[in-house]
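Observations on the three-dimensional arrangement
One letter stands for each residue in the lines below.
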Amino acid sequence: MDRFVTRTRKRKVDPTGVKGKDAGSGSEQGERNTEDEGGLEKRLQSCSGLVEDDTEFTKPLPWKKIEAEGLDCDYTLLFNRLQADSHFQQLEKEVEYFSGDLAKVQVFGKFHNIPRKQATYGDPGLNYSFSGVKLMARPWMPVLEIISDQITEATGHTFNFVLVNRYKDGNDHIGEHQDDERELDPACPIAAVSFGAVQDLVFRHQEARGKNAARKIEPVKVALQHGSLLLMNWPTNVNWYHSLPVRKKVLTPRISLTFRWVITRPKSQK
């Protein structure tokens, strides 16, 4: 951690979340661009500190700013060891993970078992779709509400949904992806809380991926500590992919909680 601060930020946000992307990159992105102003205003009201707003972290913590071209993250240890241990043990006892078809993802038209366990919790009626799977939110559990409230106390941001990923050891992993699904409000940060084993989150710029990458941009690696909080701010998920690679030396489990703001839309727009 670099210093003990209460950080005040002022940044312009493109609430569509598509700045810098090809305007013809997909119908879902086009739908975001054409969202009516009334709906956008409601979204802005639901997530604090957005367009040209002074956003102050409400709880003084030793925040570390992580920045690169088009990448903006804030990192801190939100929980001490005793708190982190307690939350981890509670989650291990209470989280109900998906099984069967809900524990699969679609890749190139075929379904595969995911190399980790997943569960979703949140406000009534919310769902989250990715990789050909639609996951409905189960009702909040007390431990998740406590963690969410502590994130809000520290950052001023509120969330209505959380995706839980459990990695049994370093063989469980998640490939490169962007958290840019249509249900997510791109103007709200994604808050990732980690409990258990320390594992690396690796960010890779979209133009530096693959053998024939257009540019050479160094990846950004963050070791996610037990009890840590990483805020992925806009426009990180526009420009960068992130992954949790295999780490065979990691022998113990890890639980990741990614808190999000899911947009509720009228049935006519779904």
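Residues numbered from 1 in each chain as written. Predicted model: local features only at pLDDT ≥ 70, side-chain atom pairs only at ≥ 80, totals over all residues. Heavy atoms only, no water.

Let us look at unusual backbone geometry. Geometrically, the link from Trp234 to Pro235 is a cis peptide bond, its omega value of 5 degrees lying close to zero. Along the polypeptide, Pro235 turns up in the loop between strand 16 (228–233) and helix 5 (236–239). (Helix = DSSP H or I, 4+ residues; strand = E, 2+ residues; numbered from the N terminus.)

A few words now on the sheet that holds strand 12 (residues 174–177). Strand order across the open sheet formed by four strands is 12-17-14-15, with antiparallel pairing between neighbours. Two strands in the sheet have a free side with no partner beyond their single neighbour: strand 12 and strand 15 (220–224). Taken pair by pair, the neighbouring strands of this sheet meet at an average axis angle of 15 degrees, ignoring direction. Two elements, strand 14 (residues 199–205) and strand 15, share five bridges in a ladder whose sense is antiparallel. Paired with Val202 across the strands is Lys221, a residue of strand 15. (Pairing = 2+ DSSP bridges. Axes fitted to C-alpha atoms, helices over the stretch in contact; angles between N-to-C directions.)

The next point concerns the nonpolar core. Membership of the largest hydrophobic core comes to 29 residues, with the highest contact counts inside it found for Ile147, Leu257 and Phe259. Elements that contribute at least two residues to this core include exactly helix 3 (81–94), strand 7 (117–122), helix 4 (142–155), strand 11 (161–167), strand 13 (190–196), strand 16 and strand 18 (254–260). The dominant element in this core, judged by the number of residues it contributes, is helix 4, at five residues. Core analysis: the second largest hydrophobic core is formed by 23 residues, Ile66, Ile190, Leu230 and Trp240 among them. (Core = buried A, V, L, I, M, F, W, Y, C linked by side-chain atoms within 4.5 Å. Buried < 20%, exposed > 50% of the residue type's maximum accessible area, 1.4 Å probe, protein only.)

Our next topic: the sheet that holds strand 10 (residues 138–139). Strand order across the open sheet formed by eight strands is 3-4-16-13-18-11-7-10, with mixed pairing between neighbours. Edge positions in the open sheet fall to strand 3 (64–68) and strand 10, since each of these has one partner strand only. The sheet strands contacting helix 4 are strand 7, strand 11, strand 13, strand 16 and strand 18, and the helix crosses strand 18 at an angle near 60 degrees. (Contact = heavy atoms within 4.5 Å.)

At a minimum axis distance of 10 Å, the contact between helix 3 and helix 4 shows a crossing angle of 145 degrees. Only Val143, Leu144, Ile146, Ile147 and Gln150 of helix 4 make contact with helix 3, whose side of the interface consists of Gln83, His87, Gln90, Leu91 and Glu94. Class assignment of the residues belonging to the contact of helix 3 with helix 4 gives a composition of five nonpolar, four polar and one charged. (Nonpolar A, V, L, I, M, F, W, Y, C, P; charged D, E, K, R; others polar.)

The geometry of an aromatic ring pair comes down to the distance between the two centres and the angle between the two planes. Overall, the coordinates contain four aromatic pairs when judged by the stated rule. Ring geometry for Trp140 versus Phe259: centroids 6.4 Å apart, planes at 5 degrees, classification stacked. Of the two residues, Trp140 is situated in the loop between strand 10 and helix 4 and Phe259 in strand 18; the sequence distance between them amounts to 119 residues. Of the aromatic side chains, those joined through ring pairs into one cluster are Trp140, Phe159 and Phe259. (Phe/Tyr/Trp six-rings, centres within 6.5 Å; stacked < 30°, edge-to-face > 60°.)

Functional significance is not addressed by these values, which are geometric in nature.
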